[in-house]
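Observations on chain architecture
The residues making up each chain are set out below.
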Amino acid sequence: MRSPEADAGPGGSEALPPTIAPQLRALRRRASLTLEAAARSAGLSPAHLSRLETGQRQPSLPMLLGLARVYGTTVSELLGETVADRDAVLRGAELEPTRAGGWTYWKAGAPGRGMQALRVHVPHGSQGDIVRVHPGEEWLYVLRGHLDLRLGDAAHRLGPGDSAHFDSLTPHRLAAGGEDGVDLLFVHTLLQSPTTALCLGPTPGDTHE
């Protein structure tokens, strides 16, 4: 398999905006990632990412897509493009569900923000053995059913109307407490994490820490 670095020459295949280099650096710092950590997550060498951030090399599209995923943002933002008239209101009837790792979720907030809001259905028996640890904060609210939440060494059973707000560096596990699963409102600080998977769990082909 070709590495992303092999897809870009010294000047890149197309001329990109001159703001791309400082924008890459700014978004990495906003995500609280070191050069080494960001490069490793994007499949690049630290030296190559450093050259991208100083304008000595221009990124290919695969690189931009990889870095956007690592920084929890879009290729448009990496290119320094502003989003005009970003919708503040999302209509539930217009949202399509997405499935990852056995869970089903719907967007409940606009993309490209410092927080990501989701409505999530967790089926019984799905991902309950996965322990998650990552930078950022999480807030969740139980809409229906019961949630078994483990934070460090403490175990909690949450019912409808219960909520939790915790530092995501605390090892945590989420599982449905009943056969019918559990429905949650879920908010996390997407841009502070080196992965957009977070508590959605692994998708096919992904690995989870």
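Residues numbered from 1 in each chain as written. Predicted model: local features only at pLDDT ≥ 70, side-chain atom pairs only at ≥ 80, totals over all residues. Heavy atoms only, no water.

Looking only at helices and strands, the protein has 5 helices and 9 strands in total. Going through the 209 residues of the protein one by one, you find that 40% of them count as buried. Nonlocal contacts in the protein, meaning residues at least 24 apart in sequence, comprise 67% of its contacts between residues at least 6 apart. Split by element, the accessible area of the protein, about 11200 Å² in all, is 52% carbon and sulfur. (Helix = DSSP H or I, 4+ residues; strand = E, 2+ residues; numbered from the N terminus. Buried < 20%, exposed > 50% of the residue type's maximum accessible area, 1.4 Å probe, protein only. Contact = heavy atoms within 4.5 Å. Areas by Shrake-Rupley, 256 points an atom, 1.4 Å probe, with all protein chains shown as cover.)

Attention now goes to the pairing of strand β4 (residues 137–144). Bridge analysis of β4 against strand β7 (residues 163–167) gives 5 bridges, and the strand direction is antiparallel. Along β7, the bridge assignment pairs Leu140 with Ala164. In this sheet, strand β9 (residues 182–188) lies alongside β4 in antiparallel orientation, the contact comprising 6 bridges. Residue pairing in the sheet places Glu138 in a bridge with His188 of β9. (Pairing = 2+ DSSP bridges.)

Across all of its chains, the model carries 1 aromatic pair by this definition. Judged by centre distance (6.2 Å) and plane angle (20°), the ring pair of Trp139 and Tyr141 falls under stacked. Exposure remark for Trp139: the relative accessible area of 30% places this residue in the partly exposed category. The side chain of Arg119 reaches across the aromatic face of Trp106, ending 4.2 Å from its centre. (Phe/Tyr/Trp six-rings, centres within 6.5 Å; stacked < 30°, edge-to-face > 60°. Lys NZ or Arg CZ within 6 Å of the ring centre and 35° of its normal.)

Considering the arrangement of structural elements, one finds Leu143 in strand β4. Placed 42 residues apart in sequence, Leu143 and Leu185 show a C-alpha to C-alpha distance of 7.0 Å. In contact with Leu143, not counting residues within four places along its chain, are Arg119, Pro160, Asp183, Leu184 and Leu185.

The sheet built from 3 strands is open, its strands ordered β6-β5-β8 with antiparallel pairing. Here the strands that pair on one side only, and so sit at the sheet edges, are β6 (154–158) and β8 (172–176). Sheet twist, expressed as the average angle between the axes of neighbouring strands with direction ignored, equals 15°. Examined bridge by bridge, strand β5 (residues 147–151) and β8 share 5 bridges and lie antiparallel to one another. The residue of β8 that forms the bridge with Asp148 is Ala175. (Axes fitted to C-alpha atoms, helices over the stretch in contact; angles between N-to-C directions.)

Now for the nonpolar core. In this structure, Leu33, Leu44, Leu49, Leu52, Leu67, Tyr71 and Leu78 are the most contacted members of the largest nonpolar core, which totals 21 residues. Elements that contribute at least two residues to this core include exactly α1 (20–30), α2 (35–42), α3 (46–53) and α4 (61–71). Setting aside anything within four residues of it in sequence, one finds Leu78 in contact with Ile20, Gln23, Leu24, Leu27, Leu64, Leu67, Ala68, Tyr71 and Thr73. Counting 19 residues, the second largest nonpolar core, distinct from the first, contains Leu118, Phe166, Val182 and Leu184. (Core = buried A, V, L, I, M, F, W, Y, C linked by side-chain atoms within 4.5 Å.)

Attention now goes to the packing of α3 against α4. Running from N to C, α3 and α4 cross one another at 95°; their axes reach a closest spacing of 13 Å. Classified by the angle their axes make, α3 and α4 are roughly perpendicular. Counted together, His48, Leu49, Leu52 and Glu53 of α3 and Met63, Leu67 and Tyr71 of α4 form the full contact between these two elements. Looking at side-chain class alone, the contact of α3 with α4 contains 5 nonpolar, 1 polar and 1 charged residues. (Parallel < 35°, antiparallel > 145°, perpendicular 65-115°, else oblique. Nonpolar A, V, L, I, M, F, W, Y, C, P; charged D, E, K, R; others polar.)

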